[in-house]
Amino acid sequence: MEDLILFLGRFHVLALHLPIGILAFVAIAELYFGFRAKVSRPALINTIWLLGAISAITAAGLGYLLSLSGGYNEETLELHLIWGLITSATTLVGWIAFGIKGQRGKGWVSIIAGLQLVSLFTAGHLGGNLTHGPEYLFEHAPNPIRSLAGFAAKGAPRSPVSDLAQADVFLDVVQPLLELRCVSCHNPSKIKGGLLLDTYANIMLGGESGASVTPRNLSGSELSVRINHDPEHDDYMPSGGKTPLTAAQAQVMDWWILSGAPESGALADFGNDADIFALIAEAIAVKITVTNLDELGLPIVTPASRDVIMKLESLGFDATPVSEKSGYLDIDFYRIVDESISDEHVAALLQARDHIAWLNLGDSGLQDHQIETIAKLSNLLKLDLSKNPVTDAGIIALRSLPNLETLNLHATQITDAALTSLDKLPNLEQAFLWSTAVNPEAASKRDYAQNETGFVVIPEDDESSK
Ligand code: HEC
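Student: Tell me about the pairing of strand β4 (residues 329-333), and name the residues and values.
Tutor: With five of five residues buried, β4 lies mostly within the body of the structure. The two faces of β4 match: Leu 329, Ile 331 and Phe 333 on one face and Asp 330 and Asp 332 on the other face are all buried. Both β4 and strand β5 (residues 356-360) contribute to a ladder of four bridges, which runs parallel. Along β5, the bridge assignment pairs Asp 330 with Trp 358. Handedness of the crossover joining β4 and β5 through helix α14 (residues 343-348) is recorded here as right-handed.

Student: So what about the sheet that holds strand β3 (residues 317-321)? Which residues, and what values?
Tutor: The mixed open sheet is built from six strands, whose spatial order is β3-β4-β5-β6-β7-β8. Each edge of the sheet is formed by a strand with only one pairing partner; in this case those strands are β3 and β8 (430-432). Each strand axis lies, on average, 10° off the axis of its neighbour in the sheet, ignoring direction. Against the sheet, helix α13 (residues 306-314) makes contact with β3 and β4, and its axis sits at roughly 145° relative to β3, the strand it touches most.

Student: A description of a nonpolar patch on the surface should follow, citing residues and the corresponding values.
Tutor: A cluster of nonpolar side chains, namely Met 1, Leu 4, Phe 7, Leu 8, Phe 11 and Leu 14, defines an oily patch on the protein surface of about 660 Å² accessible area. Only α1 (2-9) and α2 (11-15) provide two or more residues apiece to the nonpolar patch. Per-element accounting of the nonpolar patch gives the leading share, three residues, to α1. Look at Met 1 and you get exposed, because its relative accessible area is 73%.

Student: Describe in detail helix α3 (residues 17-35), supporting the description with residues and values.
Tutor: Between its first and last C-alpha, α3 extends 28 Å over 19 residues, near the 27 Å set by a 1.5 Å rise per residue. Of all the residues in α3, the buried ones are Pro 19, Ile 22, Leu 23, Val 26, Ala 27, Ala 29, Glu 30 and Phe 33. End-on view of α3: buried residues confined to an arc of 165°, all on one side of the axis. Pointing more than 90 degrees away from the buried face of α3 are the exposed residues His 17, Ile 28 and Phe 35. In the core, the buried residues of α3 are packed alongside α2, α4 (44-67), α5 (74-101) and α6 (106-132).

What counts and how
- Residues numbered from 1 in each chain as written.
- Predicted model: local features only at pLDDT ≥ 70, side-chain atom pairs only at ≥ 80, totals over all residues.
- Heavy atoms only, no water.
- Buried < 20%, exposed > 50% of the residue type's maximum accessible area, 1.4 Å probe, protein only.
- Helix = DSSP H or I, 4+ residues; strand = E, 2+ residues; numbered from the N terminus.
- Pairing = 2+ DSSP bridges.
- Right-handed = clockwise from strand over helix to strand, strands pointing away.
- Axes fitted to C-alpha atoms, helices over the stretch in contact; angles between N-to-C directions.
- Contact = heavy atoms within 4.5 Å.
- Patch = residues over 30% accessible without salt bridge, like charges linked within 9 Å, V, L, I, M, F, W, Y side chains within 5 Å.
- Areas by Shrake-Rupley, 256 points an atom, 1.4 Å probe, with all protein chains shown as cover.
- Salt bridge = Lys/Arg side-chain N within 4 Å of Asp/Glu carboxyl O.
- Expected span 1.5 Å × (residues − 1).
- Arc of directions from axis to C-beta.

Here is the structure:
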């Protein structure tokens, strides 16, 4: 029975368009003929009054059934119902008045038509408020019009997130997700479950079953419990088969609750965990772009796994994060006595291929052919190859390192020919070339400057070297 009522009730939303069209038409036609004394009204209008009355009463009846499902703003609902009844009644009166007075009653019928039009508009407007919320009509209105209509002026809309670290944890992350998937049923005019999810204060206020969010407690947070149910579960949210949150979005909601459900704060202040950043970026569909980088200026990465770091350390590498906040690694190699670094060692670096930003292989006995492997570490920013028997031929491979900024080649066997390779590195800012066969003059011909300590430094702002 309950199902049947709801089934019929939902037709209200469909059925109401018919009386709106008919009633508006008949009222306007009646007013038109009312003001033109000489023109007589076509008898057809009488039938249209009747059709209008029938359709208005039907829509009102269905509307009543729909109202039984609850969840609407009580006050608005009552007014909507009253004005719907007034509309139906004036229409009925219009039909009767025409029947009794015929052509002589034009003045009366015009007045009734006018009243009917006003009540139709009022009922329709209240109905719109019920389904879309009172702000619907003026949501996108310019501020002066909004204030005329009695709404607060809107603050500037939040600009799209470009830098995740600076995004606000509530306004840019949690609120947009709720707005997208939940607020349509949990707003001031449709308070399902007694719960409003439209503002921070209302979220924290909770609903019929109490707190929707208990900071740092997922099982005590009805909101978390509901979004994590099996979608088939009765309590699953969003209900009614509405588009659910994605897995990443649900995880982000949980992360927010576990972080204490803060009302505001830049994401960078919440630990700067690269995993979370990636998750949030996915949840709010922010592309990790050039403005959205690790502090090193490289794309944000999830930190290398513990296993990979252990493996490297067991081989004699020293692997540490570049900083507490970065997912990138700083790797040093210390050789034991005179043993040169082996191919196996060098190959092991590829396991952390995307994570190595700084690499120190100075004085490791590195050979030319091993540089080819090094050149696969495409996120390298700093590379130290000093005091190794490497030559111009080996250096050629480095050309494929797009991010390399600092290169130490001091005390290697390179010559002027290596400069051609360095020219190809688009981001090279500094090269240390002292104690090599590079002729300072050859370097300066390329506009490389030589500083007083004997390093050859490529000036940062020198375009010709890029
Ligand atoms: C299609 C309408 C609809 C949508 C969309 C919707 N809900 Fe609900 N929600 C309901 C209804 C109806 C209830 C009350 C019935 C119940 O408790 O299951 C409810 C109840 C709740 C409750 C329990 C309130 C209480 O205190 O009993 C929570 C929490 C909740 N919803 C969270 C959400 C979240 C989070 C979203 C978005 C992911 C969401 N809802 C989207 C209709 C909806």
